[in-house]
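Listed below, chain by chain, are the residues.
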Amino acid sequence: MTTPVYQNFINGDFLKNQSGETFAVKNPATDEVIYHVEVADSFVQNAAIESAKQGFAVWSAIAPIERSRILLKAVALLRERNDLLAKIEVLDTGKPWQEAECVDVQTGADVIEYFAGLAPAQVGQQQMVGEDFYYTRKEPLGICAGIGAWNYPLQIACWKSGPALAAGNALIFKPSEETPLGAIKLAEIFTEAGVPAGVFNVVQGAAEVGQWLTHSPDIEKVSFTGEVGTGKKVVASAAGTLKDVTMELGGKSPLLVFEDADISQAVSAAMLGNFYTQGEICTNCTRIYVHKSVYQQFIDELKTRTEQNIVAGDPLDPSVNFGALISKNHHNLVMGYIEKGINEGATLLTGGKALRPESAPNGYFVAPTVFTDCTDDMTIVKEEIFGPVMSVLVFEDEDDVIRRANDTHLGLAAGVFTKDIKRAHRVIHQMQAGICWINSYGNSPAEMPVGGYKQSGIGRENGIETLDHYTQTKSIYVGMTDIESPF
Ligand code: NAD
């Protein structure tokens, strides 16, 4: 059976490359190639820049309220095609339909809707300085680049294009080579909604195409989502042309469960923050610090619920709540971490093995895994695994657990469970992390800025301040008095 071949999406349409180079995309739940995609060669790259220049000229001249109307049409189309798009995400990522159907498309559409609303609300300042005055304009940057990870492909494309386009920029987006289709569908939707040609181009490929975006002199900004190591390369490369950068990177986030916590709620948070999207979420609370007095109760309930409530299998089956990892390579990497956990002396409470569910025997499944008796120096406690592997640790003292929780070069997220309102705020204020939850975990509404402290990121996505990352301020001084000149 022949599989479809998708081309790059440039200037409002598909564009055939000249090199003829393609890559294959597999369904992680079946290990089967589902389609091929053409790589953006230099012909496509040049076309992407030229059309983005023209797109930018048109789009940035459109009144923000009109841009807003167009973006809102795209939002309506996204919602209308929810199921079709969700299915693409399931086939590309291996995540359960149960999730994609109600999260991936909707949270993407929400963010575009949010920034569409803000587009006409952006204002500059005006101030008198003596009899003269100045005013400022918030102007778009020009051509921006977005580079995405594979865990929430469509959502990431929406989270980058929403603010970029609302502010009047053109965006060239490169999805992950593991999950390239969602961004193409988004490009079609933008075009259908009336976004002018060249304003949202999609280029396809792996690291080399990403690298090109980071050093192209015509690109003003790179918004990147991916691993810390790749993020460092992107920043270094972008420095060559002094591009703006926004970095949404990895984490190794702590969840602190105090003795007065609602333990069932804390277990729910720990499971969501380790097993949702089969553990492939950047903000996951992969280090769970539990107070000694409730430790046994916590791990007893965690073990029972993990073993009873998780249903792995064909991700398209609506009763399945736990999918396949993105690739064979990633599967091997996660299994390697599990082996290290065992070798370094952690106790395997549950899981720890590959799974072969009957309905998807060839998928890259790893059982939801919980390690107890973990110590801070173990590899599984220090490094981001990006799979369904939870480490549980014990603590006794508040100051000590805060110190331990912060003892990492990462700082994406953190959470605390306690019924003591003062302690909740006192502890969370000391967490060195950009996204924090009290008696909750994982929610990330469009209104709330998200991003990392330390090596987990630069800048923010979502929330009002994100528009500042996609605009530059022009100050205009207006002379109302004669110039005083010594010349
Ligand atoms: P990755 O860093 O391997 O790849 C991300 C993207 O960068 C891909 O599109 C890839 O093709 C591209 N790329 C690779 N090398 C490049 C280079 N040298 N220059 C430019 N682009 C390059 O990450 P991944 O494996 O796709 O995603 C998983 C990682 O993403 C995890 O670390 C996870 O924590 C992180 N992530 C972070 C967030 C966040 O919001 N903070 C969200 C999702 C994922």
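Structure's up top.
In this report, the structure presented in the accompanying data block is examined. (Residues numbered from 1 in each chain as written. Predicted model: local features only at pLDDT ≥ 70, side-chain atom pairs only at ≥ 80, totals over all residues. Heavy atoms only, no water.)

## A short note on the overall build of the chain
Scanning the chain from N- to C-terminus turns up 16 helices and 25 strands. Expected size for 487 residues packed as a compact globule is a radius of gyration near 23 Å; at 24 Å, the chain falls within 12% of this value. C-alpha extents for the chain along the principal axes are approximately 80 × 65 × 40 Å. Residues counted as buried form 55% of the 487 residues belonging to the chain. Looking at the chain alone, contacts between residues at least 24 apart form 73% of all its contacts between residues at least 6 apart. For the chain, the accessible surface area stands at approximately 20000 Å², while carbon and sulfur atoms represent 52% of it. (Helix = DSSP H or I, 4+ residues; strand = E, 2+ residues; numbered from the N terminus. Rg over C-alpha atoms; globule rule 2.2 N^0.38 Å. Buried < 20%, exposed > 50% of the residue type's maximum accessible area, 1.4 Å probe, protein only. Contact = heavy atoms within 4.5 Å. Areas by Shrake-Rupley, 256 points an atom, 1.4 Å probe, with all protein chains shown as cover.)

## Structural notes on the site of the ligand
Taken together, 26 residues lie around the ligand, and Gly 148, Glu 177, Thr 230, Leu 249 and Glu 384 are the ones closest in. Glu 384 has a polar side-chain atom sitting 2.6 Å from an oxygen atom of the ligand. Considering the ligand on its own, with 850 Å² of exposed area, one finds that the protein chains cover 90% of that surface. At the level of elements, helix H8 (207-215), strand S11 (221-225) and helix H9 (228-239) are the ones that each hand at least two residues to the shell around the ligand. (Near = heavy atom within 4 Å. Polar contact = N/O pair within 3.5 Å; in protein donor to acceptor, adjacent residues only side chain to side chain.)

## With respect to the sheet that holds strand S18 (residues 369-372)
Reading across from one edge, S15-S18-S19-S14-S13-S21-S22 is the order of the seven strands in this open sheet, with mixed pairing throughout. The open sheet has two edge strands with one neighbour each: strand S15 (347-350) and strand S22 (435-438). Adjacent strand axes in the sheet meet at a mean angle of 20 degrees, parallel and antiparallel pairs treated alike. Strand direction decides the pairing type here: strand S21 (residues 413-417) and S22, joined by four bridges, are parallel. Residue Ala 413 lies in a different strand from S22, and its bridge partner there is Ile 435. Helix H12 (residues 328-343) contacts S15, S18 and strand S19 (389-395) of the sheet and is inclined by roughly 25 degrees relative to S18. (Pairing = 2+ DSSP bridges. Axes fitted to C-alpha atoms, helices over the stretch in contact; angles between N-to-C directions.)

## What to know about the pairing of strand S12 (residues 244-248)
In summary, the side chains of a regular strand alternate between the two faces of the sheet. Of all the five residues making up S12, four are buried; the element is thus mostly covered by neighbouring parts of the structure. Sheet topology note: the S12/strand S24 (residues 457-458) ladder contains two bridges and is antiparallel. Looking at S24, one finds that Glu 248 is bridged to Gly 457.

## Things to note about the packing of helix H6 (residues 153-166) against helix H7 (residues 181-193)
As a packed pair, H6 and H7 sit with axes 9 Å apart at the nearest point and diverge in direction by 40 degrees. Relative to H7, the element H6 is oriented oblique. In this structure, the crossing between H6 and H7 has a hand that is right-handed. Residue-level inspection shows Leu 154, Ala 157, Cys 158, Ser 161 and Leu 165 of H6 in contact with H7, the latter providing Gly 182, Ala 183, Leu 186 and Phe 190. When the residues that make up the contact of H6 with H7 are grouped by side-chain class, the tally is seven nonpolar, two polar and no charged. (Parallel < 35°, antiparallel > 145°, perpendicular 65-115°, else oblique. Left-handed = near helix turned anticlockwise from the far one by under 90°. Nonpolar A, V, L, I, M, F, W, Y, C, P; charged D, E, K, R; others polar.)

## Things to note about the environment of Arg 426
Among the secondary structure elements, Arg 426 is positioned in helix H15 (residues 421-430). Sequence separation of Arg 426 and Ile 288 is 138 residues, and the distance between their C-alpha atoms is 19 Å. Of the polar contacts made by the side chain of Arg 426, one reaches the side chain of Glu 398; its length is 2.8 Å.

## Some points on the side chain of Asp 41
Checked against the element boundaries, Asp 41 lands in the loop between strand S5 (32-38) and helix H1 (42-60). Despite its burial, Asp 41 remains without a salt bridge, the nearest opposite charge being carried by Lys 16 at 9.0 Å. For Asp 41, the side chain forms a polar contact with the main-chain nitrogen of Ser 19, separated by 2.7 Å. Apart from the residues within four sequence positions on either side, Asp 41 is in contact with Asn 17, Gln 18 and Ser 19. (Lys, Arg positive; Asp, Glu negative; His and termini not counted. Salt bridge = Lys/Arg side-chain N within 4 Å of Asp/Glu carboxyl O.)

## Here we look at the packing of aromatic side chains
On inspection of all chains with the given rule, the structure shows eight aromatic pairs. Aromatic side chains Tyr 6 and Tyr 35 sit 5.2 Å apart centroid to centroid with 90 degrees between the ring planes, which places their arrangement in the edge-to-face category. Highlighted residues: Tyr 6 in strand S1 (residues 5-6) and Tyr 35 in strand S5, separated in sequence by 29 residues. Each of the two residues, Tyr 6 as well as Tyr 35, counts as buried. A network of ring pairs unites the aromatic residues Phe 173, Phe 190 and Phe 200 as a single cluster. The aromatic ring of Tyr 152 is capped on one face by Lys 95, whose charged end is 3.3 Å from the ring centroid. Geometry around Tyr 470 places Lys 221 over its ring, the cationic atom sitting 4.6 Å from the centre. (Phe/Tyr/Trp six-rings, centres within 6.5 Å; stacked < 30°, edge-to-face > 60°. Lys NZ or Arg CZ within 6 Å of the ring centre and 35° of its normal.)

## Focus: the side chain of Thr 350
Take Thr 350: it is sitting in strand S15. Among the polar contacts made by the side chain of Thr 350, one reaches the side chain of Glu 307 at a distance of 2.8 Å. If near-sequence neighbours (up to four positions away) are discounted, Thr 350 is found in contact with Thr 306, Glu 307, Pro 368, Thr 369 and Val 370.

## Points about the packing of H8 against H9
Running from N to C, H8 and H9 point in directions that differ by 40 degrees, and their axes come no closer than 7 Å. Compared by their axis directions, H8 and H9 come out oblique. Together, Gln 211, Thr 214 and His 215 of H8 and Val 234, Ser 237 and Ala 238 of H9 make up the contact between the two elements. Counted by class, the contact of H8 with H9 contains two nonpolar, four polar and no charged residues.

## Overview of the nonpolar core
Membership of the largest hydrophobic core comes to 117 residues, with the highest contact counts inside it found for Leu 78, Val 203 and Phe 298. Discounting residues that sit within four places of it in the chain, Leu 78 has contacts with Leu 85, Val 105, Ala 109, Ile 112, Leu 154, Cys 158, Leu 186 and Ile 189. The next biggest cluster of nonpolar side chains, apart from the first, holds 28 residues, and it includes Leu 325, Tyr 364, Phe 371 and Ile 402. (Core = buried A, V, L, I, M, F, W, Y, C linked by side-chain atoms within 4.5 Å.)

## Thoughts on the pattern of salt bridges
The tally for this structure, following the rule as stated, stands at 22 salt bridges. The partner of Glu 139 in a salt bridge is Arg 137, and the shortest N-O contact between them spans 2.7 Å. Residue Glu 139 is classed as buried on the basis of its relative accessible area, which comes to 17%. Given a relative accessible area of 43%, Arg 137 falls into the partly exposed group. Between Asp 260 and Arg 423 there is a salt bridge, and its shortest N-O distance comes to 3.1 Å. One end of the pair, Asp 260, is in the loop between strand S13 (254-257) and helix H10 (263-275); the other, Arg 423, is in helix H15, with 163 residues separating them in the sequence. Among the residues examined, Asp 260 registers a relative accessible area of 23% and is labelled partly exposed. One network of salt bridges, in which partners are shared, links Glu 50, Lys 53 and Asp 218.

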